[in-house]
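Summary of the model geometry
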Amino acid sequence: PQTSMTPPEVFYFSGRRGWYRSMAWLTPEAIEDLRGQGARYLAVSANHARWFRLHDAALYDSCSRRYRRLVDGDDGIIYDLGAAASRALER
């Protein structure tokens, strides 16, 4: 985390509306803190989606139980932080 850089593309494509968290800093508490500040979505890029599922499986499972998944594939993962999880994946 100390050497992580914020990629400028994240803010360019979000119209400079949003926050960036290194995967090393991503915790349930960090997600809830950002949600409390107005975050509506959690996006995991395609570069980290597989890693997130395999190496941070507890957080992936926690998010998947708590929030509705809008996308979950090789192109990335997107959770709707304002909607409860549903049984079926909605794309």
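Let us look at the structure shown here. A quick note: this is a predicted structure, and the numbers were derived from the prediction, not measured.

1. Thoughts on the pairing of strand 3 (residues 76-84)
Taken together, the 5 bridges between strand 1 (residues 41-45) and strand 3 define a ladder with antiparallel strand orientation. Counted as the bridge partner of Ala43 is Ile78 from strand 3. Here strand 2 (residues 67-73) runs beside strand 3; their pairing, made up of 6 bridges, is antiparallel. Across the sheet, Arg69 pairs through a bridge with Tyr79, a residue of strand 3. Here strand 2 folds back onto strand 3, and the loop between the two strands holds 2 residues.

2. Considering the sheet that holds strand 1
Read across the sheet, 3 strands follow the order 1-3-2 without closing on themselves; strand pairing throughout is antiparallel. Because the sheet does not close on itself, it has two edges, and the strands there are strand 1 and strand 2. Mean inter-strand twist for the sheet, computed between neighbouring axes without regard to direction, equals 10°. Sheet contacts for helix 3 (residues 46-55): strand 1, strand 2 and strand 3; angle to strand 1, the most-contacted strand, approximately 95°.

3. A short note on the packing of aromatic side chains
Using the criterion set out here, one finds 1 aromatic pair in the structure. Ring geometry for Phe52 versus Tyr60: centroids 5.8 Å apart, planes at 90°, classification edge-to-face. Overall, Phe52 belongs to the buried group, its relative accessible area being 0%. Taking the relative accessible area as the measure of exposure, Tyr60 reaches 12% and is therefore buried.

4. Overview of the pattern of salt bridges
In this structure the tally under the stated criterion is 5 salt bridges. Salt-bridge contacts for Glu32 lead to Arg66; the nearest nitrogen and oxygen are separated by 3.8 Å. With Glu32 in helix 2 (residues 28-36) and Arg66 in helix 4 (residues 57-66), the pair connects residues that are 34 residues apart, well separated along the chain. Exposure remark for Glu32: the relative accessible area of 23% places this residue in the partly exposed category. Residues Asp72 and Arg69 are paired through a salt bridge, measuring 2.9 Å at the closest nitrogen-oxygen approach.

Definitions and cut-offs
- Residues numbered from 1 in each chain as written.
- Predicted model: local features only at pLDDT ≥ 70, side-chain atom pairs only at ≥ 80, totals over all residues.
- Heavy atoms only, no water.
- Pairing = 2+ DSSP bridges.
- Helix = DSSP H or I, 4+ residues; strand = E, 2+ residues; numbered from the N terminus.
- Axes fitted to C-alpha atoms, helices over the stretch in contact; angles between N-to-C directions.
- Contact = heavy atoms within 4.5 Å.
- Phe/Tyr/Trp six-rings, centres within 6.5 Å; stacked < 30°, edge-to-face > 60°.
- Buried < 20%, exposed > 50% of the residue type's maximum accessible area, 1.4 Å probe, protein only.
- Salt bridge = Lys/Arg side-chain N within 4 Å of Asp/Glu carboxyl O.

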